[in-house]
Amino acid sequence: MGGNHLFDLFAAAVPRPDKVALDLPGGDAVSYGALLGLSARLAGVLAARGLEPGDRVAVQVEKSWQALALYLACLRAGGAFLPLNTAYTGTEVDFFLGDAAPRLFVCDPVRAASATKTAARHGVLHVETMDAAGAGSLADAARRMPARHDPVARGEKDLAAILYTSGTTGRSKGAMLSHGNLASNARALVEAWRFTPDDVLLHALPIFHIHGLFVAGNVALLSGASMIFLPKFDLDRVMAEVPRATVMMGVPTFYNRMITRGDLTPELCKGMRLFISGSAPLSAEVHKDFAARTGHAICERYGMTETGINTSNPYEGERRAGTVGLPLSGVTLRITEPASGRPLPDRDIGMIEVKGPNVFSGYWRMPEKTAAEFRDGYFITGDMGMVDARGYVSIVGREKDLIITGGLNVYPAEVESRIDEIPGVAECAVIGVPHPDMGEGVVAVVAPGNGTSLCEADVVAPLEAVLARFKQPKRVIVVDALPRNTMGKIEKTKLRDAYRDLFQGQG
Ligand code: AMP
C-alpha cells in the first residue's frame, strides 16, 4: 500500500518538530509537533467513529488552530474534509448535510442541539463539537487517543475535500478536490511565490474557503513556514502584525482598508517580501496607491473553488495592475467563444477555460452538471477574459454579469475601472437590469469615499469622454457601501434584485 499523498508531503516538509507552525493572538505559539500531534489524536477519534476512506467530515466551526488540525486529521484518516461557512444558517446546513451525507458533522457547541436533529434526519451518525478555542466533545475524545496515527493510504486521485461553491446562481455545488489537485497546486504556488521555511505568512482569511485553507494554509504547510493565525481580518491587528510577517495573502478588501491608514509606510513593510491578492478584482487604483505607499506591487492572482489557483503575476518581472498574470506551471489556459468553444486569438474577449493537475474532477453527485462544464478536457470557468500579447490574463467579469444592451456587449469591469478613476469614488459595481427598450440597461452603483459626497452628474460627466455611449451607465445610484460576501466579492445578484424595476415604464 502506498502512502497518503497530501498528508505525507506536509509531514515531510516539517523542518523540525519544535518549529513554530502557528503564532496565535495573545502570544501563544503552536509548534509543528503539536499541530501534527493533535491531528493524530483527532484522526484517532475519526477512526473510532467509523470513518472509512472517502467518508465526508462536514465542519462548521470558528477559525482556530485546532480546526486546522482537524483538516489534517481528516486527510490523515483518509476522509474528505468538507468545511462550511460559519455564516450558513440551519436551513443551509440542512441542505449540505442532506447532499453530502457526511459520516460526522462537527459544529460549534451553540448549534449542537439543532444540528443533532438535522443530522438525525439525514442519517448523519455523529455530531461533535468544537468551539472557537478548540474545546468541545472532539477535543475531549482526542485527549484519550494516542499521539500517533498511521496515515491511511490515499493516492493522487483520491478525494481529499469537498468545497461547496458560493452558489451565486442556482444551488451550491460541491467541488470534489483530490489529493493530487491540492498537492500540485500548493507545489506550483510554493515555487511561483518562492516560499521557504523562513517565511511568516500573515493569515487573516477564513479557513472554510479555498483561499484561506488551501491557497494560504497548504502553501505555508508545504513549505514548513510559520503563520500568524488571526481569527479574522481586524485592521488594527493586521497593521500591528505586518512588521513580523514576510508574506501576506488577502482579498482586495484587506488592501482597500490598509491604504486608509497613515501608518502604512515602507518602514512598516520592511520585512515583507510579498503581498498577494485574489478572490475578487483588485482595482488598479488600489494597486497603484499601495505601491506608492509601501514600494510593493501587490501580486494579483486568479483562482476558484473548482481549480485552485490558475494564474499569478510573476514574482520576478512586471506585476501588471488590472491583470491576474500568467498561467502557473502545469496549467493551460485558453480563451474561447462561449457558445461554440472555438479558441479565440490574443486580445479577444471570451470564456476562460483551464486544464491542469489543479482542476477538480467534478461536482459531488452531479455527473450531468460536471459533464456540461468541461469541453476537450478544459474546465469552462464561467469567467470572461482575454490574454494579451505577453500572455498576461485579464478578467472582465463573470459570464452571467455580462450586460447586453441593445444587442451590444458591455463588460462591467471596463466601466468599473473607469468609474474607479473618478475622484471621490471609493468603490463601484456596474450591473445590467431589465430595460423595456434595450433589453438591459447599464446601471452603476457607486459608493463615495469617507467624507466625500457624489451625485449622478459627477460620475456621468467624466465617462462621456472615455467610454462609448452604449457603455455609459443610464443611471448612477449613489449608496453608502456595496454589499459584499465574506470573501470580499461584491454581491451583484443583490444589486440586480434591488434595482430590477429601475427602468420599468420607460421605453
Ligand atoms: P470562489 O470559487 O469563491 O473562489 O470564486 C471564484 C471566482 O472569483 C472566480 O471564478 C472569479 O470570478 C473570481 N476571482 C477570483 N480571483 C479573482 C481576481 N484576481 N480577479 C477577478 N476575479 C477573481
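Residues numbered from 1 in each chain as written. Predicted model: local features only at pLDDT ≥ 70, side-chain atom pairs only at ≥ 80, totals over all residues. Heavy atoms only, no water.

## Digging into the site of the ligand
What counts, and what does not: Any residue with a non-hydrogen atom lying within 4 Å of a molecule or strand is treated as near it. Under this definition, polar contacts are N or O atom pairs within 3.5 Å; protein pairs additionally need one hydrogen-donor-capable and one acceptor-capable atom, and for neighbouring residues in sequence, both atoms have to be side-chain atoms. The way it works is that DSSP assigns letters per residue, a run of H or I at least four long becomes a helix, a run of E at least two long becomes a strand, and they are numbered from the N terminus. Residue type decides the class: Asp, Glu, Lys and Arg count as charged, Ala, Val, Leu, Ile, Met, Phe, Trp, Tyr, Cys and Pro as nonpolar, and the leftover types, Gly among them, as polar.
Neighbouring residues of the ligand: 17 residues in total, closest Glu300, Arg301, Thr305, Asp383 and Lys489. The side chain of Thr305 places a nitrogen or oxygen atom 2.6 Å from an oxygen atom of the ligand. Side-chain polar atom of Arg398 to an oxygen atom of the ligand: 2.9 Å apart, as the coordinates give it. Sorting elements by how many residues they give to the shell around the ligand places strand β13 (residues 299-304) first, with five residues. Here the shell around the ligand is composed, by residue class, of seven nonpolar, five polar and five charged.

## Things to note about the environment of Leu182
Stated formally: Throughout, a residue-residue contact means that at least one pair of heavy atoms, one from each residue, lies within 4.5 Å.
Locating Leu182 in the fold gives a position in helix α7 (residues 179-192). Measuring from C-alpha to C-alpha, the distance between Leu182 and Leu6 comes to 7.5 Å, with 176 residues separating the pair along the chain. Ignoring sequence-local partners within four residues, the contact set of Leu182 consists of Leu6, Tyr71, Ala160, Leu177, Phe214 and Asn218.

## Comments concerning helix α13 (residues 412-420)
Note the threshold: Burial classes: relative accessible area under 20% of the type maximum marks a residue as buried, over 50% as exposed, and values in between as partly exposed (1.4 Å probe, protein chains only). For this quantity, the arc is that covered by the directions from the helix axis to the C-beta atoms.
If you check which residues of α13 are buried, you get Pro412, Val415, Glu416, Ile419 and Asp420. All buried residues of α13 project into a common sector of 140° when viewed along the axis, lining one side.

## Digging into the nonpolar core
Which entries qualify depends on this criterion: Throughout this description, the term nonpolar core refers to a set of buried Ala, Val, Leu, Ile, Met, Phe, Trp, Tyr and Cys residues connected via side-chain atoms within 4.5 Å.
Judged by nonpolar contacts, the single largest core of 115 residues is most densely connected at Leu22, Leu35, Tyr71, Met248, Met249 and Met258. Considering every element that reaches this core, the biggest residue donor is helix α3 (residues 65-76), with ten residues. In this structure, Cys107, Val124, Tyr164 and Met176 belong to the second largest nonpolar core, which totals 19 residues.

## Re the domain arrangement of the chain
Often, the extent of an interface is quoted as the loss of accessible area upon association of its parts. As a reminder of what qualifies: Note that the domain bounds were set by an automatic or database domain assignment.
Partitioning the chain into structural domains gives domain 1 (5-18 + 30-196), domain 2 (233-398) and domain 3 (403-498). For domain 1 versus domain 3, the separation of C-alpha centres amounts to 40 Å.

## Looking at the sheet that holds strand β12 (residues 274-277)
Keep this limit in mind: By this definition, two strands are paired if DSSP reports at least two bridges between them. With axes taken as lines fitted to C-alpha atoms, and helix axes fitted only over the stretch in contact, angles between N-to-C directions fall between 0 and 180 degrees.
In spatial order, the strands read β2-β1-β10-β9-β11-β12-β13-β14-β15; together these nine strands make up an open sheet with mixed pairing. The open sheet is flanked by β2 (29-31) and β15 (326-327), the only strands paired with a single partner. Note that strand β9 (residues 200-203) and strand β11 (residues 247-250) share three bridges and pair parallel. Bridging across to β11, His203 finds its partner in Met249. Packing against the sheet, α3 makes contact with β1 (20-23), β2 and β10 (226-229), and its axis sits at approximately 130° to β10.

## Brief notes about the side chain of Thr246
Note that Thr246 resides in the loop between α9 (235-241) and β11. Thr246 sits in the buried class, given a relative accessible area of 16%. Only 2.6 Å separates the side chain of Thr246 from the side chain of Asp199, close enough to count as a polar contact. Non-local contacts of Thr246, meaning those with residues more than four positions away in its chain, are made with Asp198, Asp199, Val200, Gly271, Met272, Arg273 and Leu274.

## Quick look at the packing of aromatic side chains
Selection rule: Each aromatic pair joins two rings of Phe, Tyr and Trp (for Trp, the six-membered one) with centres within 6.5 Å, and gets the label stacked for planes under 30 degrees apart, edge-to-face for over 60, and tilted for any other angle. Only Lys NZ and Arg CZ are tested; either one counts as a charge over a ring when it is within 6 Å of the ring centre and within 35 degrees of the ring normal.
A complete count under the given rule lists 14 aromatic pairs for this structure. The interplanar angle of 55° and the centroid separation of 5.3 Å between the aromatic rings of Tyr71 and Phe81 together place this pair among those described as tilted. Note that Tyr71 is positioned in helix α3 and Phe81 in strand β4 (residues 80-83), a separation of ten residues in sequence. Take Phe81: its relative accessible area is 4%, and that puts it in the buried class. Here the aromatic cluster, defined as three or more aromatic residues joined through ring pairs, consists of Tyr88, Phe95, Phe96 and Tyr164. Over the ring of Phe229 we find Lys63, and its NZ or CZ is 4.7 Å from the ring centre. Taking NZ or CZ as reference, Lys173 lies 5.2 Å from the ring centre of Tyr363, over its face.

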